[in-house]
Amino acid sequence: MTNPLLSRRTLLVGGLGLASVGALSACTSSGGNKAGMPSRTFGAPSSVSPSAGQKVVEASLTARPATLDLAGRQVSTWAYGEAAPGPLVRATAGDFLRVTLDNQLPADTTIHWHGIRLRNSADGVPGLTQDPVKPGAKYVYEFTAPDPGTYFFHPHVGVQLDRALYAPMVIDDPADPGRYDAEWIVVLDDWIDGTGTTPDDVLKKLIADGGTTSPGGMGGMGGMGGMDHGSMGGMSMGTPPWGDAGDVQYPLFLINGKPATDPDVLTATPGQKVRLRVINAASDTIFTVALGGHRMTITETDGHAVQPAEVDAFYIGMGERYDAIVTVKDGVFPLVARPFGKTSGGQAVALLRTGSGAAPDPGVTPAELSGQVLIGSQLQPAESSRLPNKSPDATVDLSLQGSMKPYQWGINGAPFGQNEPLTVKAGQRLRINATNMTMMTHPLHLHGHTFALPSGLRKDTVLMAPMQSFAIDLDADNAGDWMIHCHNIYHAEAGMMIALNYVA
Ligand SMILES: [Cu+2]
């Protein structure tokens, strides 16, 4: 308790009139249990076996320090192996996955299988579903992946996601009609690790820069405390509603681990139908994604089919996934992911090459970026993706709260570890009245389930604009203790998380 950040944090939390256990204590290290979390221990993972005839897909991942070459710039980081993103894990819906994590990091870690409706004990949340995996230790994740779709995985410890600890995961649909000739997995990231700082240092600085006073007192948790941070320009007419979209100024943005000056390239043949699987693995960046010279037909989000929507571009929040089909033209085209609301670091660019031609400038602005830009929550669900018609059996409120100054984020009046877990009974249709009471946009993510927006659109991660509300419904069909949290990893680590616990 000698850490000055922690002691000041304790004071701040005390200002909430709440118990002063610092949920942020974990911020000051890369691992370890959060103070304020239930002090549960789990031991070895419970054993589970594949059922008769179930195909077993095995993989192993070593988390370790690595040096990456980002267009000639060497950065020290932590990775799954020697590259960012880590290796693709791919299976077919219904397969049994057995993935061994070998922790060669100098810190505790875990793996969370983002978006997968898996058994609770494989969900990768230390203190809630498993013990942290210690340095030098191994942990075997065994689970069935029931639903096809585009997913990814990453640690659920500290701000480790903002290193290179992320990789795509694809669960194929055995009934897929095969409407495409080629596939391009596109993983977006914002990069700062090893550029003179680390994500842990970034978080410390955010907290330090947040100061000790809250405009309007800890009314801050009431919600409007972010008003002083940046402008409200994003709220004006004709511009997207994300308000002040990020906390961190990144020096680089990556597609498939590569900066715009050394872009990833997909080679295809003119006329082919290419399926894009776009994953936002960034920690603090909403992107606008466009493919120069093409319109894209969005077919899925977060693994769920939508009514096909042809767009020029789309927004993608941290943790979201969008699948699109594009019939490719002849030439060389930039796939651009432009960071929303960031004033430095340029943009992420990859290339689609189907013919001859020079590569576009790394700063290229495809006309599509200023065309029709989809806000994903406005998609309509495919009929096959709808929840059955049913009235809610129970309703709970979920209020996203906090501010930049002080740098303090929470749900339902307190940071994680001090807020009261939401509860649900198995078999219930639960309605969560979610409201963003802050002046920033937050991607709200639910573990182990997906939810339906009022339109019926199924998601596991949804962007909530400042002061926006959604009534989201879920079927409680996967018992356990689960997280609901903001997928801005800095907000989450600062407390913007809450548990959803199944109760008898
Ligand atoms: Cu957030």
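Because the structure is predicted, anything quoted here is derived from the model rather than measured.

Draft legend 1. Region of interest: the layout of surface pockets. Empty space within the largest pocket amounts to approximately 340 Å³. As for the largest pocket, its lining consists of 16 residues, and the residues nearest its centre are E300, G303, H304, A305 and S384. Considering every element that reaches the lining of the largest pocket, the biggest residue donor is strand 15 (residues 304-311), with four residues. Along the lines of polarity and charge, the residues of the lining of the largest pocket split into five nonpolar, five polar and six charged. Residues from two domains meet in the lining of the largest pocket; each of domain 1 (56-176) and domain 2 (252-382) gives at least three.

Draft legend 2. The nonpolar core, seen in detail. Ranked by size, the top nonpolar core spans 131 residues in total, and within it W113, M169, L398 and Y490 carry the most contacts. Tallying contributions element by element places strand 9 (residues 182-191) first for this core, with seven residues. When we break this core down by domain, the ones giving at least three residues each are domain 1 (56-176) and domain 2 (252-382). Residues A313, V336, L351 and L369 belong to the second largest nonpolar core, which totals nine residues.

Draft legend 3. Spatial organisation of the pairing of strand 4 (residues 96-103). Among the eight residues in strand 4, six count as buried, and that is most of the element. Summarising the sheet, strand 1 (residues 56-70) and strand 4 pair through eight bridges and their orientation is parallel. Bridging across to strand 4, S60 finds its partner in T100. Relative to strand 6 (residues 138-144), strand 4 runs antiparallel, the two sharing seven bridges. Note that in strand 6 the partner of L97 across the bridge is F143.

Draft legend 4. Representation of the coordination of the copper ion in the model. Coordination of the copper ion by the protein comes from H442 (ND1), C486 (SG) and H491 (ND1), over a distance range of 2.0 Å. Read from N- to C-terminus, the donor residues coordinating the copper ion fall into the pattern H-x43-C-x4-H. Separated by 44 residues along the polypeptide, H442 in strand 25 (residues 442-446) and C486 in strand 30 (residues 481-486) bring together distant segments of the chain. Look at C486 and you get buried, because its relative accessible area is 0%.

Draft legend 5. Structural context of unusual backbone geometry. The amide bond that connects A84 to the next residue, P85, takes the cis arrangement and shows omega of -10°. Within the secondary structure, P85 is located in the loop between strand 2 (73-80) and strand 3 (89-92). In the segment running from K405 into P406, the intervening peptide bond is cis, with an omega of 0°. Tracing the chain through its elements places P406 in the loop between strand 21 (394-403) and strand 22 (408-411).

About the cut-offs
Per chain, residues are indexed from 1 in the order of the written sequence. Whole-chain, interface and lining totals are the exception, using all residues; otherwise, since this is a predicted model, local features are given only for residues with pLDDT of at least 70 and side-chain atom pairs are given and counted only at 80 or more. Calculated side-chain values reflect all of the structure's heavy atoms, with hydrogen atoms and water omitted. Cavity and pocket criteria rest on a 1 Å grid covering protein atoms alone: a 1.4 Å probe that fits but cannot get out defines a cavity, protein on both sides within 12 Å along at least 5 of 7 lines defines an open pocket, and an atom within 4 Å of a point defines a lining residue. Grid points are joined across faces, edges and corners, and a volume is the space filled by probe spheres set on the points. Labels follow the DSSP assignment, with helices taken as runs of H or I lasting at least four residues and strands as runs of E lasting at least two, numbered in each case from the N terminus. Put simply, Ala, Val, Leu, Ile, Met, Phe, Trp, Tyr, Cys and Pro go in the nonpolar bin, Asp, Glu, Lys and Arg in the charged bin, and everything else, Gly too, in the polar bin. Annotation comment: domain bounds sourced from an automatic or database domain assignment. To define a nonpolar core, start from buried Ala, Val, Leu, Ile, Met, Phe, Trp, Tyr and Cys residues and group those joined through side-chain atoms within 4.5 Å. Exposure categories follow from relative accessible area, calculated using a 1.4 Å probe and restricted to protein chains: below 20% of the type maximum is buried, above 50% is exposed, and the middle band is partly exposed. Any two strands with at least two DSSP bridges between them are considered paired. Water is absent from the atoms considered, so a metal site may look incomplete; donors are defined as N, O and S atoms within 2.8 Å of the metal, or 3.2 Å for Na, K and Ca.

These values are about where atoms sit, not about what they do.
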